[in-house]
Amino acid sequence: MAKFMSLKDAVSENLSDGDVVAFEGFTHLIPHAAAHEAIRQGYKNLTLIRMTPDVIYDQMIGMGMAKKVIFSYAGNPGVGLLRRLRDAVENGWPNKLEIEEHSHSAMANAYEAGAAGLPLAVFRGYRGAGLAEVNPNIKSITCPFTGEILAAIPSNRPDVTFIHAQKADKKGNVMVEGIIGIQKEAALAAKRAVVTVEEVVDDLNNHPNATVLPHWALTAVCLVPGGAHPSYAHGYYIRDNASYLEWDNIAADRDRFTAWMQENVLNATAEDFATRVESLRV
Amino acid sequence: MAKFMSLKDAVSENLSDGDVVAFEGFTHLIPHAAAHEAIRQGYKNLTLIRMTPDVIYDQMIGMGMAKKVIFSYAGNPGVGLLRRLRDAVENGWPNKLEIEEHSHSAMANAYEAGAAGLPLAVFRGYRGAGLAEVNPNIKSITCPFTGEILAAIPSNRPDVTFIHAQKADKKGNVMVEGIIGIQKEAALAAKRAVVTVEEVVDDLNNHPNATVLPHWALTAVCLVPGGAHPSYAHGYYIRDNASYLEWDNIAADRDRFTAWMQENVLNATAEDFATRVESLRV
Amino acid sequence: MSELGYTSDEMMTIAASRVMRNDDVCFVGIGAPSAACNVARLIHAPDITLIYESGTIGTEPDVLPLSIGDGELCETALTTVSVPEMFRYWLQGGWISVGFLGAAEVDKFGNINTTVIGDYHHPKVRLPGGGGAPEIASSSQEVYITMKQSLRGMVENVQFFTSFGHGEGGDHRQRLGIDTKGPTLLITDLAIWRPDPVTKEFTVVSMHPGVTREQVQETCGWPVKYAKAVETTPAPTENELGILRDLRARTKAAHEGTKKVPQGTLLKQGSE
Amino acid sequence: MSELGYTSDEMMTIAASRVMRNDDVCFVGIGAPSAACNVARLIHAPDITLIYESGTIGTEPDVLPLSIGDGELCETALTTVSVPEMFRYWLQGGWISVGFLGAAEVDKFGNINTTVIGDYHHPKVRLPGGGGAPEIASSSQEVYITMKQSLRGMVENVQFFTSFGHGEGGDHRQRLGIDTKGPTLLITDLAIWRPDPVTKEFTVVSMHPGVTREQVQETCGWPVKYAKAVETTPAPTENELGILRDLRARTKAAHEGTKKVPQGTLLKQGSE
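Residues numbered from 1 in each chain as written. Chains lettered and ligands numbered in written order. Predicted model: local features only at pLDDT ≥ 70, side-chain atom pairs only at ≥ 80, totals over all residues. Heavy atoms only, no water.

Here we come to the overall build of chain C. If you tally the helices and strands in chain C, you get 8 helices and 15 strands. For chain C, the C-alpha radius of gyration of 18 Å lies close to 19 Å, the compact-globule estimate for 272 residues. Counting all 272 residues of chain C, 62% fall into the buried class. Taking contacts inside chain C between residues at least 6 apart in sequence as the whole, the part at least 24 apart equals 66%. A total accessible area of about 9800 Å² is found for chain C, and carbon and sulfur atoms account for 53% of it. Averaging the locations of the 24 positively and 33 negatively charged side chains of chain C gives two centres separated by 2 Å. (Helix = DSSP H or I, 4+ residues; strand = E, 2+ residues; numbered from the N terminus. Rg over C-alpha atoms; globule rule 2.2 N^0.38 Å. Buried < 20%, exposed > 50% of the residue type's maximum accessible area, 1.4 Å probe, protein only. Contact = heavy atoms within 4.5 Å. Areas by Shrake-Rupley, 256 points an atom, 1.4 Å probe, with all protein chains shown as cover. Lys, Arg positive; Asp, Glu negative; His and termini not counted. Charge placed at Lys NZ, Arg CZ, Asp CG, Glu CD.)

Shown next, in the form of structure tokens:
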């Protein structure tokens, strides 16, 4: 049953050291504000799940919060590599990072299976792919009707999932639209789901088949305008591409990274996000 | 690649004796006009798939077109039993009818798996259920990660699926909204998909996440206003409950059934559906 | 209507409505369960979430739906999803607190048959089948059943396990790997029944006002057991009766006054 | 720009655009494939269906997207579906006629590596990984690859099979139970390559105007084979160049003239 609360409280009540956690968003609606709040609260030993662990996971890994990352594409979208993740994988800085790597198809199926309450996802995949040889969680099942061998991987069942969405109504029902990505599945697959939203409205006024997460499927809803920045919220503000470019420089150097995090995350608050998107609003 | 054509041509080009065919619609948007055209063309030995084989399958079975039905709920929605189906199962009239019976969950998963190009559907189901003992197509797989035993059934892959939808644009892209049921999955799971629509428009003007079947995923699109009657088309006309009630009487007697089919189906055309919904339009 | 001022059907519906909680997420069977759930929503559980297997989530119909796919269910819903999503994410995903089922035939362990009378392969009567019930019964956190008592309906052993209740009783569910509670409540026109904590046999815990043990037994196909202290179900209040009757009147009037017949109102309430 | 009046990058993009058909349903990788597909759409294939893995189906962006999740992809799409649906129904379901991929490292059998340089568990360089590529490569009816030639990019053996092309060549795909065609075309800044019908080794079938065999070999890490009759790729027409340059100019201008930076235009085109 969703409770409205501050992002600070929602993070501290729902995230713990050692949790398996997903901050999901497929390019669109990335929960930057929630990730920054988690960074400020300084969690450790997290297992981070995400299809596209872009800037926010680069930040969390660089801050030494992650012991493991489960992912399918570790890049800065449109820019290139994730330099903090690379530094952890290649050099163990600031700590060694365990990786469990999948394809997008596998991860999408793993979230879908998690949302469906199943222990595994079954799909046609990984044929000839090198990941099947280096990831012991890629197994197979044999179809009892055709004999076809299909890929099987564990479903994603995070302890907690954080997503960002466009709006909630006053009961805490949440609507997502546009590039809906994997948000619904990631939220439903988790034991606890925390959603930051652009606004709280009286009535969602939604299309009959819109993507809606009912309030009883969520743990907490937090009003954080701009909370996806520098990602975007369809209908609210556009993507801040300059920030993504800038990140490539910041993350290239450990000291520059540390200083930037101090100034822009540790010394900042969730409320700062609203001002960051002011010039980007549509 | 969808071709616009008359329903008569679409049926004759896409349906053959002995085909596995689905006429789908979950209470809403049932493709009555397409089923009646198939009846007029007199196909034989069909395997009929449908979650809720209501009036149209009662009619097709009563006309001796079906050798087998694969289903999960054989009732006249809101009224009771299907008397022609019963007569076939209990008395072999007009011919013996083979049945493969599932639960809704199983059938929904089987269409989903068919749309996903998989040979089987895997789900948590049939525990303690009698169907697992009488339907040899209900098997199981064991999760290689948890050891949990899950139900496995073959996916639904019809030779051809017929559905009814609200509208198509001039390229043949089709939109469905409201109770979307299983239509999308049934269409995508089939080798050939034929859609009857209420209207053809210049632009679908759809919500970004609306249910749309692209023209290249369809075989034929046919303009048949009223084509769901006595079912309904959300936004166009309401359900003709009197006809469903009436069916209970018609189907109760073999002669009455035969006479009704002659008058209302064999001697009728697809164009008659438009007039049948005139007083039901919203 | 009896001299009590209400019918046994009204008593059944109102007794069933009272057990629904404001925070329940209920997978609603059509007919009697649907009436009970909507009365609960109109009286004491305004925020109850009603889900119908056609995909409508959080629906608030003004009149009772006839089928699980009535247009009004979608029009008043929070959202409407596809049928595969309904069964995969919402039912199998574990979000349903109560699966509320009707039954053609039920036995003392809450097993339900809506499939066949007679042999499955050579049936005497072919019934509609299970629809969503097999997995509603196993995936909902608990299951409520409501039906009128009759010797045909309440039988010693169901002829087919359309949906599994407590099987042969005891820990039969757990032995099959089913970790949900199964049937925890049976509400009839005469009484309220709950499973014995150990044997899981349905046991009368409350009888509706004016009902005798003889009446309960005459309409039940197994030897009825009673809880140590059998309560008397509180009679319907004026408010409860008013709400239920208004709902039924709206349901009836919604179509009789117009040529455009609103869905779900012309036909008697029955199966899906 | 060379004395030919166009750059080798323009030649590559235009050569790649020409192979796209009006009825193709193309799963589009970001960067060079995206540019080629959109040029095709603007020139000779107005009805081509472009699909990006973020879920946008039938998108018609006015400027080139930067990432697979740009807002304009959704705004101009026929519809936008969830990511699980994209991979289950549309890719795995078999609807994709062409999967169009870029590559960091490709070998002569069309195997692609975007995962690691060096040992997987102790990598010298950790690259982003495969994203959608492993199943795009196996589930699309055929695969086109486009990339600039370089000794780092075109290698004798990829260090990691991010996505499987023809493996070790011959019938290796069939032996693994993959029934799609795999890589059928490689378009570089210098040449057009197609797999040998038997060995499946990429073979030069056409060289772009002015390109020498020495240039092709110098930028390719394996001994280049040539078809019996190597054609010369027709030079870009004025119309093709005009459309491509307009698209790139629009893409550039879309953000430089405004403080509100439209998505997908500020950054260099790269990976996802």
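After that view of the structure, there is still more to cover.
Let us now look at the interface of chain B and chain A. In this complex, chain B contributes 28 residues to the contact, which on the side of chain A involves 28 residues. For the pair chain B and chain A, the summed buried surface comes to about 2200 Å²; carbon and sulfur atoms form 69% of the total. Across the contact surface, chain B and chain A share 0 salt bridges. At the boundary of chain B with chain A, the tally comes to 6 residue pairs in polar contact (both at pLDDT 80 or more). The set of elements that each furnish at least two residues to the side of chain B that touches chain A consists of β8 (120-123), β9 (139-142) and β10 (149-154) of chain B. In the side of chain B that touches chain A, the residues fall into 15 nonpolar, 8 polar and 5 charged. (Buried area = accessible area lost by both parts, 1.4 Å probe. Salt bridge = Lys/Arg side-chain N within 4 Å of Asp/Glu carboxyl O. Polar contact = N/O pair within 3.5 Å; in protein donor to acceptor, adjacent residues only side chain to side chain. Nonpolar A, V, L, I, M, F, W, Y, C, P; charged D, E, K, R; others polar.)

Right, let's get into the packing of aromatic side chains. Residue and element names in this part refer to chain B. If you walk through the whole model with that rule in mind, you get 26 aromatic pairs over all chains. Ring geometry for phenylalanine 23 and tyrosine 57: centres 6.2 Å apart, planes at 90 degrees, overall edge-to-face. Pair noted here: phenylalanine 23 is in strand β2 (residues 20-23) and tyrosine 57 is in helix α3 (residues 55-62), with a separation of 34 residues, a long-range link. The buried category is assigned to phenylalanine 23, whose relative accessible area is 0%. (Phe/Tyr/Trp six-rings, centres within 6.5 Å; stacked < 30°, edge-to-face > 60°.)

In this complex, chain C contributes 54 residues to the contact, which on the side of chain B involves 54 residues. In total, chain C and chain B occlude about 4400 Å² of area from one another, counting both sides; carbon and sulfur atoms represent 60% of this. Inspection of the region where chain C meets chain B yields 1 salt bridge. Arginine 126 of chain C is the partner of glutamate 101 of chain B in a salt bridge, and the nearest nitrogen-oxygen pair spans 2.6 Å. The tally of links between chain C and chain B comes to 16 residue pairs in polar contact (both at pLDDT 80 or more). If you list the elements that add at least two residues to the side of chain C that touches chain B, you get α3 (71-75), α4 (83-92), β9 (123-126) and α5 (133-139) of chain C. In terms of residue count, α4 of chain C provides more of the side of chain C that touches chain B than any other element does, 5 residues in total.

Superposing chain B onto chain A takes a rotation of 180 degrees plus a shift of 0.0 Å along the axis, which leaves an RMSD of 0.0 Å. Those values place the two copies in the arrangement expected of a two-fold rotation axis. Interface overlap between copies: 100% of the residues of chain B at the interface are likewise at the interface in chain A, consistent with a symmetric, same-surface contact. (Least-squares fit on C-alpha atoms with pLDDT ≥ 70 in both.)

Splitting chain A by domain gives domain 1 (3-102 + 157-280) and domain 2 (121-154). Computed from C-alpha atoms alone, the centre-to-centre distance between domain 1 of chain A and domain 2 of chain A is 30 Å. (Domains from an automatic or database assignment.)

Quick look at helix α4 (residues 83-92) of chain D now. Owing to its 3.6 residues per turn, the α-helix brings residues three or four apart onto one side. All names here are of chain D. Counting buried positions along α4 gives 10 out of 10 residues, so the element sits mostly inside the fold. Restricting attention to buried positions, one finds in α4 the residues Val83, Pro84, Glu85, Met86, Phe87, Arg88, Tyr89, Trp90, Leu91 and Gln92. Sitting at the amino-terminal end of α4 is serine 82, which places a side-chain oxygen 3.2 Å from the backbone nitrogen of glutamate 85.

On to the packing of helix α2 (residues 32-41) of chain A against helix α3 (residues 55-62) of chain A, then. Residue and element names in this part refer to chain A. Between α2 and α3, the shortest axis-to-axis distance is 10 Å and the interhelical angle comes to 5 degrees. In terms of their interaxial angle, α2 and α3 are classed as roughly parallel. Across the interface between the two elements, His32, Ala35, His36, Ala38 and Ile39 from α2 touch Val55, Ile56, Gln59 and Met60 from α3. Each residue belonging to the contact of α2 with α3 can be placed in one class, and the counts come to 6 nonpolar, 3 polar and no charged. (Axes fitted to C-alpha atoms, helices over the stretch in contact; angles between N-to-C directions. Parallel < 35°, antiparallel > 145°, perpendicular 65-115°, else oblique.)

Here we come to the packing of α3 of chain A against helix α4 (residues 83-91) of chain A. Residue and element names in this part refer to chain A. Across the interface, α3 lies against α4 with an axial gap of 7 Å and an inter-helix angle of 45 degrees. With respect to each other, α3 and α4 are oriented oblique. When you trace α3 past α4, the crossing you get is left-handed. Two secondary-structure elements touch here, α3 through Asp58, Ile61 and Gly62 and α4 through Arg83, Arg84, Leu85 and Ala88. Along the lines of polarity and charge, the residues of the contact of α3 with α4 split into 3 nonpolar, 1 polar and 3 charged. (Left-handed = near helix turned anticlockwise from the far one by under 90°.)

Quick look at the pattern of salt bridges now. All names here are of chain A. Enumeration over the complete set of coordinates arrives at 57 salt bridges over all chains. Notably, a salt bridge pairs glutamate 13 with lysine 3, separated by 3.7 Å at the nearest N-O pair. Within this pair, whereas glutamate 13 is found in helix α1 (residues 7-14), its partner lysine 3 is found in strand β1 (residues 3-4), the two being separated by 10 residues in sequence. A relative accessible area of 45% means that lysine 3 is categorised as partly exposed. In this structure, glutamate 148 and arginine 127 form a salt bridge, with 2.9 Å as the shortest nitrogen-oxygen distance. One end of the pair, glutamate 148, is in the loop between β9 (139-142) and β10 (149-154); the other, arginine 127, is in the loop between β8 (120-123) and α6 (131-134), with 21 residues separating them in the sequence. Relative accessible area serves as the criterion here: at 17%, arginine 127 is assigned to the buried category.

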